[in-house]
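What follows is the residue order along each chain.
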Amino acid sequence: MSRFITAADRYIFRLTIVPMVGVFVLAASLLMLEQMLRLFEFVSAEGGPINVVFRMLMNLIPEYAGLSIPLGLLLGVLLAFRKLATSSELDVMRAVGWSYTRLLRVPYLLTFGLVALNFAIVGYIQPRAHFDYQELQFELRSGALGASIKVGEFNVIQDRMALRIEGSQDEGRQLDGIFARLADDDGQVLSISARHGRFLANREDRNTIILRLVDGTIVHEVPEGPPRVLSFTQHDLPIDLPALEQFRERGESEREYLLPELLEIGWSEESSAEARVASQAVFNYRMVEVVMMLMLPLLAVSLAIPPKRSTSALGVFLSIIIVVAYHKINQYGSEVAAIGQLDPFLALWGPFAVLAAMIFWMYYQVAFVPGGRPIGFLEKAYSKIGRALSKLFGRNRLKGVVPEGEFGTEDDLAMQQAELAERGALQEGRGAA
């Protein structure tokens, strides 16, 4: 084992695993924080408990992991090889005979493990998590999660009762300023106002709760005849709870099917044409997202190595754009293929073939072409822009914006000044002659 995994491999593993985990946690956290604000607004508007927000966020983790894991893998390998390149350790490893393929041994071991993890997530965990998320939304809207009565607003119960509460104390156990209005099919209306009250459970009928009112007045209105008014010290008002609807079965959309179920539906003659096309689109989308991870270490090495005597981070920027853009292209291709406008295999595996060919070419330029720079033209353009900005705004103002290597090192500046001084001395000598 020590021959297969050497000390250099363990060193590359340490350089890779730290940024990989950091990027994964950061990307997932940013995506979840954005959704958390929306969930808080939704839950508060529905009057549900706060803990349901975190239950819904837990069901969103598999969805965000499908993008965070590939992004973390790419940036972890990229930043590891970038550090090796900028510290000249990569040149030493290359000088002793280690090829880029040999250096990628540990990154590919990590890749195989993450591919298996992502396959389990997108194939089996994501569909169930998506269904559980939809079920929580349904239960929250239907009141199955214990939606509370909003204070200071009229709350309608089964379209027959309107209830308004002015204040709540002792975590909702003590209610103040209660007004209730009930109507039946015969046209009779009860208008009840009370100073205090509280909800009590009904042991005889779980579908009914008791609202015990204290110190109030009841106005009974009938279609024919004057209303009757009754004052009371204590009155128990039964309230029928609305019947809770049952949530649907899993499988309303193809996103809720597991991979074996997608295979069964997508290639079954008993399924409708629309169901087959939609299932094939979702199946190919999940598979291409997983298979693409095998290309990420090659892409990371191709973009990790900056030009000599430069600390340009253009490769890091391009890697993020490529992964996110490819993910969005796959989503668009899946949606277009699901409605039958494009063949599912062509819509998903076509972009994969194009990007894979580009990655192989970039890796070949770095690993097998002496001095090969797959993004050399972009580096030159970036360097020219940096020099132009330095001349326009000054070097001190652009520190931290343009890499130091684009300005030139102190030795380069000293050599340039020496050359200018030497040229000036030669011109003076020629003038004197």
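Presented here is a report on the structure given in the accompanying data block. (Residues numbered from 1 in each chain as written. Predicted model: local features only at pLDDT ≥ 70, side-chain atom pairs only at ≥ 80, totals over all residues. Heavy atoms only, no water.)

A word on the overall build of the chain
Right, on to step 1. Regarding its fold elements, the chain presents 13 helices and 6 strands.
Right, on to step 2. Of all 433 residues assigned to the chain, the portion counted as buried reaches 41%.
Right, on to step 3. Restricting the contact set of the chain to residue pairs at least 6 apart, pairs at least 24 apart contribute 63%.
Right, on to step 4. On the chain, roughly 25,100 Å² of surface is accessible, and the fraction owed to carbon and sulfur atoms is 59%. (Helix = DSSP H or I, 4+ residues; strand = E, 2+ residues; numbered from the N terminus. Buried < 20%, exposed > 50% of the residue type's maximum accessible area, 1.4 Å probe, protein only. Contact = heavy atoms within 4.5 Å. Areas by Shrake-Rupley, 256 points an atom, 1.4 Å probe, with all protein chains shown as cover.)

With respect to the environment of Phe13
Right, on to step 1. Looking at where Phe13 falls in the secondary structure, it is placed in helix α1 (residues 7-46).
Right, on to step 2. Distance from Phe13 to Leu110, taken between C-alpha atoms, is 8.7 Å for residues 97 residues apart in sequence.
Right, on to step 3. Leaving out residues up to four positions away in the same chain, Phe13 has contacts with Val106 and Leu110.

Notes on the side chain of Asp176
Right, on to step 1. The residue Asp176 is located in strand β3 (residues 174-183) in this model.
Right, on to step 2. The buried charged residue Asp176 lacks any salt bridge partner; its closest oppositely charged side chain belongs to Arg195, at an N-O distance of 8.5 Å.
Right, on to step 3. Apart from residues lying up to four places away in sequence, Asp176 is in contact with Ile165, Glu166, Gly167, Gln169, Arg195 and His196. (Lys, Arg positive; Asp, Glu negative; His and termini not counted. Salt bridge = Lys/Arg side-chain N within 4 Å of Asp/Glu carboxyl O.)

Some points on the environment of Ala273
Right, on to step 1. Inspection of the secondary structure assignment puts Ala273 in helix α7 (residues 273-291).
Right, on to step 2. For the pair Ala273 and Gly340, spaced 67 residues apart in sequence, the C-alpha to C-alpha distance is 9.3 Å.

Here's the deal with the packing of aromatic side chains
Geometry of an aromatic ring pair is reported as the spacing of the ring centres plus the angle between the planes.
Right, on to step 1. Counted under the stated rule, the structure contains 8 aromatic pairs.
Right, on to step 2. With a centroid separation of 5.6 Å and an interplanar angle of 80 degrees, the aromatic rings of Trp267 and Phe283 are classed as edge-to-face. Of this pair, Trp267 sits in the loop between α6 (259-266) and α7 while Phe283 sits in helix α7, and the two are 16 residues apart along the sequence.
Right, on to step 3. Through a chain of ring-to-ring contacts, the aromatic side chains of Phe345, Trp349 and Phe352 assemble into a single cluster.
Right, on to step 4. Geometry around Trp98 places Arg102 over its ring, the cationic atom sitting 4.3 Å from the centre. (Phe/Tyr/Trp six-rings, centres within 6.5 Å; stacked < 30°, edge-to-face > 60°. Lys NZ or Arg CZ within 6 Å of the ring centre and 35° of its normal.)

Focus: a nonpolar patch on the surface
Right, on to step 1. Where nonpolar side chains cluster on the molecular surface, the patch consists of Phe4, Leu109 and Phe112 and spans about 300 Å² of accessible area.
Right, on to step 2. Topologically, Leu109 is positioned in helix α5 (residues 105-142).
Right, on to step 3. Assessed through its relative accessible area of 42%, Leu109 is described here as partly exposed. (Patch = residues over 30% accessible without salt bridge, like charges linked within 9 Å, V, L, I, M, F, W, Y side chains within 5 Å.)

Here's the deal with the nonpolar core
Right, on to step 1. With 63 residues, the main nonpolar core has Phe81, Leu90, Tyr100, Leu104, Leu303 and Phe352 as its most contacted residues.
Right, on to step 2. Top contributing element to this core by residue count: helix α2 (residues 51-86), with 13 residues.
Right, on to step 3. Non-local contacts of Phe352, meaning those with residues more than four positions away in its chain, are made with Val288, Val291, Met292, Met295 and Tyr326.
Right, on to step 4. Residues Met161, Leu182, Leu213 and Phe232 belong to the second largest nonpolar core, which totals 15 residues. (Core = buried A, V, L, I, M, F, W, Y, C linked by side-chain atoms within 4.5 Å.)

Details of helix α8 (residues 296-304)
Right, on to step 1. Counting buried residues in α8 gives 9 out of 9 residues, a clear majority hidden from the surface.
Right, on to step 2. Among the residues of α8, those classed as buried are Leu296, Pro297, Leu298, Leu299, Ala300, Val301, Ser302, Leu303 and Ala304.

Considering the pattern of salt bridges
Right, on to step 1. A full pass over the atoms with the stated rule returns 6 salt bridges.
Right, on to step 2. With a closest N to O distance of 2.9 Å, Asp236 and Arg212 form a salt bridge. Of this pair, Asp236 sits in strand β6 (residues 228-240) while Arg212 sits in strand β5 (residues 208-221), and the two are 24 residues apart along the sequence.
Right, on to step 3. Residue Arg212 is classed as partly exposed on the basis of its relative accessible area of 30%.

A short note on the packing of α6 against α7
Right, on to step 1. Their axes nearest at 8 Å, the elements α6 and α7 cross at an angle of 140 degrees. Judged on the interaxial angle alone, α7 and α6 are oblique. Seen from above, α6 lies across α7 with left-handed handedness. Touching Leu259, Leu262, Leu263, Ile265 and Gly266 of α6 are Ala275, Arg276, Ser279, Gln280, Val282, Phe283, Arg286 and Met287, all from α7.
Right, on to step 2. Looking at side-chain class alone, the contact of α6 with α7 contains 8 nonpolar, 3 polar and 2 charged residues. (Axes fitted to C-alpha atoms, helices over the stretch in contact; angles between N-to-C directions. Parallel < 35°, antiparallel > 145°, perpendicular 65-115°, else oblique. Left-handed = near helix turned anticlockwise from the far one by under 90°. Nonpolar A, V, L, I, M, F, W, Y, C, P; charged D, E, K, R; others polar.)

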